[in-house]
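# Geometric and topological summary
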Amino acid sequence: MRFSRNDFPPGFVFGAATSAYQIEGHGFGGAGPTHWDSFAATPGNVVRAENGARACDHYHRWAEDLDLVADANFDVYRFSTSWARVLPEGRGTPNTEGLDFYDRLVDGICARGLKPAATLYHWELPCAMADLGGWRNRDIAGWFADFTETLMRRIGDRVWSAAPINEPWCVAWLSHFDGHHAPGLRDIRATARAMHHVGLAHGRAIEAMRALGVTNLGAVCNFEYAQPADESAEAAEAAQLYDGIYNRWFLGAMFRGEYPEDVLAGLGAHMPDGWQEDMATICAPVDWLGLNYYTRRLIAPADGPWPGLRTLEGPLPKTQMGWEVYPQGLCHFLRFAHEGYTRGLPLHVTENGMANPDSPGIPDAARIAFIEDHLAELRRAIEEGVPVAGYYLWSLLDNYEWAFGYEKRFGLVHVDFDSLKRSPKASYEALRGALTR
Ligand code: IFM
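Read on for an overview of the structure. (Residues numbered from 1 in each chain as written. Predicted model: local features only at pLDDT ≥ 70, side-chain atom pairs only at ≥ 80, totals over all residues. Heavy atoms only, no water.)

In the vicinity of the ligand, the residues found are Gln22, His122, Trp123, Asn166, Glu167, Tyr294, Trp323, Glu351, Trp394, Glu401, Trp402 and Phe410. Here an oxygen atom of the ligand and a side-chain polar atom of His122 are 2.7 Å apart. Residue Glu167 places a side-chain N or O atom 2.7 Å away from a nitrogen atom belonging to the ligand. About the coverage of the ligand: the protein hides 95% of its 280 Å² of free accessible area. (Near = heavy atom within 4 Å. Polar contact = N/O pair within 3.5 Å; in protein donor to acceptor, adjacent residues only side chain to side chain. Areas by Shrake-Rupley, 256 points an atom, 1.4 Å probe, with all protein chains shown as cover.)

Structure (structure tokens):
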């Protein structure tokens, strides 16, 4: 690695990130069915129709996995909790086994001298909630706040930080407009409602955690650098709108209490009645912002209804996901968030990393270079005065990459999905060396 801990300000933290459905093994421990189970069971949605029933079997191997985090000299372990594991019906009677699991996990994280960074929702909506309309139903904000309270009553005394929802754009747009994630809808009315209710659920969960006295609360959003595909005014306008939908909608709501006008021009007619009254809840104060950053997109105009844009393949080197490697976007978004929205709050890069077709024993040099180049951009932001406080790798383990199944390998640690053997990759060893205290 081209850097060490000493190249970062005192107190700067490094972490490894995972999510519940992607690693735990949802078939274990009495968890209820989720919309990812039924989405994956529907032909054509997921590569080889793979699901998270076994995943990395982290449910049983969590201690070994936490040892890997600690041995790499990370400071923070960012994990998520499964709503359906805690409340199999989404509400009502909790699953004791599920609560016990997260209790043990948090204790295990603390026992290894790591900081537990919890995300409450990372996409596996209980089927019972989906049956009631899921993110299209305004009541989801209350159901989610109740789940938050149930879980945080159990682990809130020990978590170092907590964020309600991972990547609201994916929960709303990718899943209700693009149809690429569960519930697989392609409907603008459903999208507008989800785009609003996910923010409302975030705000209600923040309120619930404040009421319980849980501290260090944040929001985790994802960002993509929108580059006009050519020099035309039309491409510039399309890229600006893509940026609004992806990057400015949730930041605007959470940090300014307003939605961007250019996006409202298209979504406004489909928004739920009285949405304006919810904005004060959505922008409940938080203590930090988490930014998940992977790539840029080239955007061109397209015929057809709003938003009238399409993405084109770019010329830069790509990861196994086909995503262009564009480290400069990370500095851009850190600056953008700080100057336009968070104005001094600590920023954490809560996800960054790449998928690579790794095999054990073959060094993942591309991942090492990816991390180095992104950390160089992160350091550039710090030098410019942006208060960046942490950087977390996605991901600790190769895992279930949603609609792409198990083929895309994001891990610092290779997982053999037959034997479930974990084998640290060269990037893991390189980070361990760089993070030595
Ligand atoms: O695997 C996902 C994760 O669940 C959320 N952020 C992006 C990652 C890579 O696609």
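Structurally, Thr148 is set in helix 7 (residues 140-155). Relative accessible area serves as the criterion here: at 0%, Thr148 is assigned to the buried category. If near-sequence neighbours (up to four positions away) are discounted, Thr148 is found in contact with Leu120, Ala205, Ala208 and Met209. Side-chain polar atoms of Thr148 contact the backbone oxygen of Phe144, separated by 2.8 Å. (Helix = DSSP H or I, 4+ residues; strand = E, 2+ residues; numbered from the N terminus. Buried < 20%, exposed > 50% of the residue type's maximum accessible area, 1.4 Å probe, protein only. Contact = heavy atoms within 4.5 Å.)

In this section: the packing of aromatic side chains. Evaluation of the coordinates by the stated rule reveals 40 aromatic pairs. Summarising the aromatic geometry, the rings of Trp323 and Phe410 are spaced 6.2 Å apart at their centres and angled 55° between planes, so their arrangement reads as tilted. Separated by 87 residues along the polypeptide, Trp323 in the loop between strand 7 (309-312) and helix 13 (328-342) and Phe410 in the loop between strand 9 (388-394) and strand 10 (413-415) bring together distant segments of the chain. Comparing Trp323 with Phe410, the two get one shared label, buried. Within the aromatic cluster, the residues linked to one another by ring pairs are Tyr21, Trp36, Phe39, Trp123, Tyr400, Trp402, Tyr406 and Phe417. (Phe/Tyr/Trp six-rings, centres within 6.5 Å; stacked < 30°, edge-to-face > 60°.)

Such coordinate-based values are descriptive only and should not be taken to indicate function.
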